[in-house]
Structures are given as C-alpha cells and as structure tokens.
Amino acid sequence: NYKPVEGRKKVYIIDEVHMLTKEAFNALLKTLEEPPEHVLFILATTEPDKILDTIMSRCQRYDFMPLKYEEARNKIKEIASIENIDIDDKSIELIYEKSGGSMRDAVSIFEKVVSYNYNEKINSENCAKALGIIPENLMNEFYSIINSKDKNNGIKFIENLWENGIECEEFFREFANYLKKLIVTKNENSQTNFDIIETIFDILFKFRFEEDKRLLGYLIVIKIFKGNSDIKEKIVIVEEKSSKQSSMPVEEVKSGIDFFHKNWKNILNSAKERK
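Here is what the cut-offs are and how they apply
- Residues numbered from 1 in each chain as written.
- Predicted model: local features only at pLDDT ≥ 70, side-chain atom pairs only at ≥ 80, totals over all residues.
- Heavy atoms only, no water.
- Salt bridge = Lys/Arg side-chain N within 4 Å of Asp/Glu carboxyl O.
- Helix = DSSP H or I, 4+ residues; strand = E, 2+ residues; numbered from the N terminus.
- Buried < 20%, exposed > 50% of the residue type's maximum accessible area, 1.4 Å probe, protein only.
- Contact = heavy atoms within 4.5 Å.
- Polar contact = N/O pair within 3.5 Å; in protein donor to acceptor, adjacent residues only side chain to side chain.
- Expected span 1.5 Å × (residues − 1).

What the rule picks out here adds up to 13 salt bridges. Close ionic contact of Glu97 with Lys181 constitutes a salt bridge, the shortest N to O distance being 2.7 Å. With Glu97 in helix 4 (residues 89-99) and Lys181 in helix 9 (residues 168-186), the pair connects residues that are 84 residues apart, well separated along the chain. Of the residues examined, Glu97 reaches a relative accessible area of 35% and is grouped as partly exposed. By relative accessible area, which is 31% here, Lys181 ends up partly exposed. Between Arg214 and Glu159 there is a salt bridge; the shortest N-O distance is 3.5 Å. With Arg214 in helix 11 (residues 213-245) and Glu159 in helix 8 (residues 151-163), the pair connects residues that are 55 residues apart, well separated along the chain. In this structure, a network of salt bridges that share partners links the residues Glu169, Arg173 and Lys213.

To continue, consider unusual backbone geometry. Even without glycine at this site, Asn119 takes up a positive phi of about 60°. Along the chain, Asn119 falls in the loop between helix 5 (103-116) and helix 6 (124-131). Overall, the relative accessible area of 71% leaves Asn119 in the exposed class. Its identity as a non-glycine residue notwithstanding, Lys149 has a phi of 55°, on the positive side. When you line up the elements, Lys149 lands in the loop between helix 7 (136-148) and helix 8.

So, on to the environment of Ile55. Secondary-structure assignment places Ile55 in helix 2 (residues 53-56). Sequence separation of Ile55 and Lys30 is 25 residues, and the distance between their C-alpha atoms is 9.9 Å. Not counting residues within four places of it along the chain, the set of residues in contact with Ile55 comprises Phe25, Leu29, Leu32 and Leu43.

Our next topic: the environment of Tyr62. Take Tyr62: it is sitting in the loop between helix 2 and helix 3 (69-82). Residue classification places Tyr62 among the exposed positions, given a relative accessible area of 58%. In this structure the C-alpha to C-alpha distance between Tyr62 and Ala44, which are 18 residues apart in sequence, comes to 9.7 Å. Of note is the side chain of Tyr62, whose polar atom sits 2.6 Å from the side chain of Gln60.

Think of an α-helix as 3.6 residues a turn; residues three or four steps apart then line up on the same face. Here helix 8 spans 19 Å end to end across 13 residues, near enough to the 18 Å set by a 1.5 Å rise per residue. One side-chain oxygen of the residue at the start of helix 8 lies 3.4 Å from the amide nitrogen of Asn152, identifying that residue as Asp150. Count one or two residues on from helix 8 and you reach Gly165, which has phi positive near 75°.

Structure below.
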C-alpha cells in the first residue's frame, strides 16, 4: 500500500521462504497474482522443491551455484591483502571446503581463523586447529595402516585418537572425504576406497545412537580389515575354480578386472552351484 520513498520500486525480501506454512503461501498468492506496479518480491530459499507450484509459476527463478575454489581463493586473498594477513593457499583451501562453496560462509570462517591466530602467519596446521579439522598427517597415517593390513596398529590408532581428544566419528567422516579426494584426483584404489567409505557410513548409521564413539572406531577398523580379507579370499577361490575350468594362464588370471570380464559366465556358474 505504501509507495517507495526513493527509486521506482519497493523491494521485499522474504528469506528462507520455504519455511512459510501452506496457509501463509496461499495468503501471499493473491498479492503475487496481482502485484502493485511499485513492488518487487524476492523469495530466497535453499529448498525450492518445498515451494508450492502455484507460487513458482508466478516467479522468475534464478539459481545461484556454489563458488569455484579459484573465485573464493581470489576474494579471500584480496581481503587478506587489505588487512595485511599472511595466509597460505592450503589454509584457503581448508576454509573453502568448510564453507561448502558459500562466499559469505567462507568470509565468516576466515574471520574465525584470523581471530584464533591473531598477528600470526596462518598455515594449514594452525588453520586446521582453529576449524577443528582433523590434520592431514593423521589421514595419511591411517591410510598407510589400512594398506599395510595391520589390524593391531589400527586399534592402537583409535586409542591414540581418543587419548588426544579427537572424536572418532568426526575423524571417520573426514577420512571418508579424504578417500573421496584420492578417488577423484588420483583414481587411487577406487573400488577398495569406495568399499571403505560404504563401511564407514554403514557403521555410523547403524550405531548412531551409541554413546561410546570409540567403540564405533573399533567396529569400523575391524570391518575394514575383515572386508578386505573376505574380498581377497573370494577372489582366490574364484580364480582357483575358474582356472580348473579353463586353460587360462595363471598370469592372465591375476590381471585384475580383465579376469572377471573374461570369466563372468564361469563366475556365475560357480555362484549357482553354491547357492
């Protein structure tokens, strides 16, 4: 009902508009159907699927995508330069990952890191500490333990996490992300790493109400090593049986995925014989 004091339009921003009830949306609908010429509504939401179709059909839609790393890095560096803050690229990368691609969140997180390390050079170590991120050297250490198939060291590793005040659940969530990076950037042990990620989230979900998070760590470690040994044993069994049924050389049998492509019918027949 009120004309704008300055400019041609009066702008109303309704943030988190998906939180409106159905009744509130219906009340707003009449205004959106016949809006006054001097009024502009901006409906902001992170969950457009919750907006009624009758509302959506009367709006122009603009999707804002997460910023790319380079865009966020350049902006943070610009702020750091103006404020005379010394920060390395690895720290900026950690801030970007924590922000989920949001520049607003990235700036807020950057402020937190700066206040935590006041008048100090910001590196990946003190940045990770400020953000409560698990240090990468711990990820590397646990990954080496898995590759060495040393279950006892895996249990000791969980004990050390506990003694150093690191939440086991948080560690394994970060470790799953660490494995995802290895798959995406290096294509390293893709299937094995996918299996480990699946194991981690399977245990975390099944025992999400368990108060002793250290117990979850033990279960995940045991399941990871058990899973690896089971897979290896099954492959050996299939290789032995298939090699008897075919004249395939041993060297070719051990060639990984090619073996399964060439012997898939034999594998299926072997499975049917057992069950």
